[in-house]
Amino acid sequence: MDLRYTPQEQAFRAEVRQWMAAHVPPAPLPDFDSTREGFEAHREWERTLHKGGWGMVTWPTEYGGRGLDLIRWLIFEEEYYRAGAPGRLNQNGIFLLGPTLIEYGTPEQKARFLPAMAAGDQIWAQAWSEPGAGSDLAGVRATATRVKNAGGGDDYILSGHKIWSSRAVHADWAFGLFREPGSERHKGLSLILFPLNAPGVTVKPIQRLDGKPVFAELFLDDVRIPAANRLGDEGQGWAVCMSTAGFERGLMLRSPARFQVAAAKLVELWKERGSDPLLGAEVMQAWMDADAYALSIYATASRLMAGGAIGPETSTNKIFWSELDLGLHKTALSLLGAEAELTAGLPGAAAPVADWLDGYVFSLAGPIYAGANEIQRNIIAERMLGMPR
Amino acid sequence: MDFRLTDEQEMLASEVAKLLAATCTGADLRRLLESGEAIDRGRWGQILVMGLPGVMGPEEAGGAGLGAVEMALIATACGYAALPEPLVEHAGVAVPMLAAAGADLEKALFGSRIAVGHPVNPLVADADSAAALLLAVGDDVHLVQRAQVTLTRHDSIDPFRRLFAIDWSPTPGTRIGGAALWAQALDHGALFAAAQLLGLAQRAVDMSVVYTKDRVQFGKPIGSFQAVKHHLANAQVKIEFARPVILAAAASPGSVRVSHAKLAATAAADAATHAAVQVHGAMGFSWEGDLQFLLKRSLALGQAWGTPAFHRARVAGHILSAPLGADRTFDAPASEEGRREAA
Ligand SMILES: Cc1cc2nc3c(=O)[nH]c(=O)nc-3n(C[C@H](O)[C@H](O)[C@H](O)COP(=O)(O)OP(=O)(O)OC[C@H]3O[C@@H](n4cnc5c(N)ncnc54)[C@H](O)[C@@H]3O)c2cc1C
């Protein structure tokens, strides 16, 4: 155990810090969910990042990455959040689909999708959930029917109804879970990549509880997609999805830096407005939890770098970061008191006052998406502790 | 940067765990309790043979020259077994104090126990079986022979905690150090109490898993009920996020993370022992089960070596004054030398 950065790691941090200082937009971009302009402004930022070589530092260089290890990824993220850089528009692509493509993709698929993803040219949405398949994802009913095309090759005809697909309102592509007609549960599933502007795809925005259109319903009506867009073997979609889910819950989706920066801001808010000792205890808890999460992820990263595999700790992580995020934002609203409900703060208020409310609304969803926390508790009890099903 | 234990560290932890699994069962604890003795001679003998008192002793004095990480692993194993003998305070607090003060270590490394009367604790644990005591007069640390003090026992609900008020008067020549030594002792005491709490929390969950697989109600093992599963899963989450804090604190004992570790481990042990009592039903409330040993130890250690309020005040002091942020995870002094330099 050696909890010191090597000189090389420190030099890497300095390099990231310098680049961020020179490139991070001085004023926040308009948010990427509310308008097309906000979405495109974030796409531009993804392109800027990519030009600097920072699209996804852990990926192999031939796909637009830098081939760096997970400790350097953590350092990158720390500097990214420290600099207040814009949210990652393509997070479902780079953090979820990307690692799955690297594990399961054919060389052609990797060459076709990864560089465009790293460059921000293809922004991805995840199309797994359905009205009848939320926690019980193996209940998906949307189908992929294999047919011959005019050129003698194979296509899939996709049809069905997907829901809650984040950023699908403006995204370019989606990775969806479909089943062979007649198959049941975990069998017969395939993960298929499809453009959201393909004929037969209808995208209908869904507003979250404050009215922001953060996700969409997708209606697929005989959408024809080449079989070459299937990721992993036919019928192996469940295993492929679980690999994505492992990264989603356990490691990449929520890097510790995000919570450490939020906890530091919470401490500032406490300094300005704190008088209730009970809230002081909550502030300390939030700061300590962010620290504990960071340490735990460093431990996981070290283990993975030494050849370990990600295991059921993905479930403990998912519960911990989502509850930490919610607790942190609830505390912030309590500190803001009667001002907390104001969507733009009082006249002359600094922007961060309103940001806490937006962050709070978002944090409400953490215990639900990426596998609801009750499901994670079942997984911990059954797979980590070995309790009977 | 590498946040993994070495193979040697893993091996040490598993050897201590193995020894205690064999010699410190529930039946062993009850036998000791009935005998009224403070120490199980057979088990203590094996602990000495393994050289555990000298883990943190300098090599030139005959110790193993290992650090707080190794000691934290040992303390975790002691907590897991609810070990009655006061190995942790002796090896993890007293020996490093003597070493830092340049006192003679020979007896302490090979079996003569030293009890620690840190001002943060109102009473002194295991003073009766100690050969000598480290006691406070103001900021000063005095090393006093057992024969020089009079003890009054105060019963703890934990039958293996032997707590004493000490009556003594300092004599010239017993002073071995000052405030810095007590500060080091507090860090070690709190850190290794946290490690014990972590171990006993995991034991409470493990014991509960075994029980809930066996116990049948409504025609099924109670462990198949989701409400029961979620009690234990919640406790396990707290355990998972206390462990790395303890290890990181052990790697830099002078940092505020010691207080974080103590708070996180106390919360984990609290959650785990209470969940365990609940899922054991009336059996968890009875004298007959072994869970009581864990619950009582958790109650005691959670408040010893600084109460949660004490440690929260230290955390508050840090976050209100030190620069915070995502790049600050590892900027506490990385070693004891670093800590001394910083001081
Ligand atoms: C902000 C947000 C973004 C999302 N983005 C995407 C996306 O991009 N792509 C996508 O495909 N999906 C997305 N989702 C959907 C998300 O994956 C589902 O909401 C989630 O899987 C839960 O499904 P559900 O909403 O249908 O709830 P349900 O499954 O109906 O669950 C409702 C409640 O019942 C509990 N419950 C259900 N089953 C059990 C059980 N066996 N044991 C105990 N409790 C149980 C749940 O824990 C939950 O508390 C998103 C959701 C949110 C909120």
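None of the values given here were measured: they were computed from a predicted structure. (Residues numbered from 1 in each chain as written. Chains lettered and ligands numbered in written order. Predicted model: local features only at pLDDT ≥ 70, side-chain atom pairs only at ≥ 80, totals over all residues. Heavy atoms only, no water.)

Enquirer: What is the right way to look at the packing of aromatic side chains in this model?
Expert: Where two aromatic rings form a pair, the distance of their centres and the angle of their planes describe that pair. Residues and elements named next belong to chain A. Following the criterion strictly, the structure yields 25 aromatic pairs over all chains and no others. Seen in terms of ring centroids, Tyr 80 and Tyr 81 are 6.0 Å apart; in terms of plane orientation they differ by 75°. Their pairing is edge-to-face. Given a relative accessible area of 2%, Tyr 80 falls into the buried group. Connected via pairs of aromatic rings, a cluster forms that spans Phe 12, Trp 19, Trp 45, Trp 54, Phe 76, Tyr 80 and Tyr 81. (Phe/Tyr/Trp six-rings, centres within 6.5 Å; stacked < 30°, edge-to-face > 60°. Buried < 20%, exposed > 50% of the residue type's maximum accessible area, 1.4 Å probe, protein only.)

Enquirer: It is not clear to me how helix H2 (residues 26-35) of chain B should be interpreted in this structure. Could you clarify?
Expert: Helical geometry: 3.6 residues make up each α-helical turn, so side chains three or four residues apart lie on a common side. Residue and element names in this part refer to chain B. Turning to H2, its buried residues number three or more, namely Gly 26, Asp 28, Leu 29 and Leu 32. Along the axis of H2, the buried positions cluster into a sector of 160°, meaning they face one direction only. H2 presents Ala 27 and Glu 34 as exposed residues on the side facing more than 90 degrees away from its buried surface. Buried-residue contacts for H2 involve helix H1 (7-23), helix H3 (41-49), helix H4 (68-81) and helix H11 (291-303). Of the residues one or two after H2, Gly 36 is the one with positive phi, at around 75°. (Helix = DSSP H or I, 4+ residues; strand = E, 2+ residues; numbered from the N terminus. Arc of directions from axis to C-beta. Contact = heavy atoms within 4.5 Å.)

Enquirer: Before we go on, may I ask you to explain the site of the ligand in this structure?
Expert: Residues in close proximity to the ligand total 18 residues, the closest being Ser 129, Ser 135, Trp 164, Ser 166 and Glu 374 of chain A. Residues within reach of the ligand are spread across chains A and B. For the ligand, a nitrogen atom lies 2.8 Å from a polar atom in the side chain of Ser 166 of chain A. Between Asn 378 of chain A and the ligand, the recorded distance is 3.5 Å, taken from a side-chain N or O atom to a nitrogen atom. In the complex, 65% of the free accessible area of the ligand, which totals 970 Å², lies under the protein chains. (Near = heavy atom within 4 Å. Polar contact = N/O pair within 3.5 Å; in protein donor to acceptor, adjacent residues only side chain to side chain. Areas by Shrake-Rupley, 256 points an atom, 1.4 Å probe, with all protein chains shown as cover.)

Enquirer: Sorry if this is basic, but what is going on with the environment of Gly 306 of chain B here?
Expert: Within the secondary structure layout, Gly 306 of chain B lies in the loop between H11 and helix H12 (308-321). Apart from the residues lying within four places of it in its own chain, the contact partners of Gly 306 of chain B are Val 120, Asn 121, Lys 262 and His 311 of chain B.

Enquirer: Could you clarify how one ought to interpret the packing of helix H7 (residues 179-214) of chain B against helix H8 (residues 226-240) of chain B in this entry?
Expert: Geometry of a packed helix pair, given as the angle between the helix axes and the separation of the axes. Residues and elements named next belong to chain B. It is at 10 Å that the axes of H7 and H8 come closest, and there the two elements cross at 160°. If you check the angle between H7 and H8, you find them roughly antiparallel. As H7 runs across H8, the sense of the crossing is left-handed. Along the contact surface, H7 presents Leu 198, Ala 201, Gln 202, Val 205, Ser 208, Val 209 and Thr 212, while H8 presents Val 228, Leu 232, Ala 235, Gln 236 and Ile 239. Class assignment of the residues belonging to the contact of H7 with H8 gives a composition of 8 nonpolar, 4 polar and no charged. (Axes fitted to C-alpha atoms, helices over the stretch in contact; angles between N-to-C directions. Parallel < 35°, antiparallel > 145°, perpendicular 65-115°, else oblique. Left-handed = near helix turned anticlockwise from the far one by under 90°. Nonpolar A, V, L, I, M, F, W, Y, C, P; charged D, E, K, R; others polar.)

Enquirer: I keep staring at the pattern of salt bridges and nothing clicks. Help me out?
Expert: Any two side chains of opposite charge can pair, so long as their charged atoms come close to each other. Inspection of every chain in the model, using the stated rule, returns 44 salt bridges over all chains. The residue Arg 146 of chain A makes a salt bridge to Asp 154 of chain A at a minimum N-O spacing of 2.5 Å. Of the charged contacts in the structure, one is a salt bridge between Arg 175 of chain B and Asp 140 of chain B, with a shortest N-O distance of 3.0 Å. Residue Arg 175 of chain B is found in strand E7 (residues 175-177), and its partner Asp 140 of chain B is found in strand E4 (residues 140-145); the two are separated by 35 residues along the sequence. The network of salt bridges with shared partners includes Arg 13, Arg 17, Glu 78, Glu 79 and Arg 82 of chain A together with Asp 327 of chain B. (Salt bridge = Lys/Arg side-chain N within 4 Å of Asp/Glu carboxyl O.)

Enquirer: Help me out: how do you make sense of the sheet that holds strand E6 (residues 162-167) of chain B in this one?
Expert: Strand pairing in a sheet is mediated by backbone hydrogen bonds. Such pairs are either parallel or antiparallel. All names here are of chain B. Spatially, E2-E6-E5 is the arrangement adopted by the 3 strands of the open sheet, whose pairing is antiparallel. If you trace the sheet from one side to the other, it starts and ends with strand E2 (124-125) and strand E5 (150-155), each paired once. Where E5 lies against E6, 6 bridges are found, and the strand directions are antiparallel. Bridging from a neighbouring strand, His 154 pairs with Leu 163 of E6. (Pairing = 2+ DSSP bridges.)

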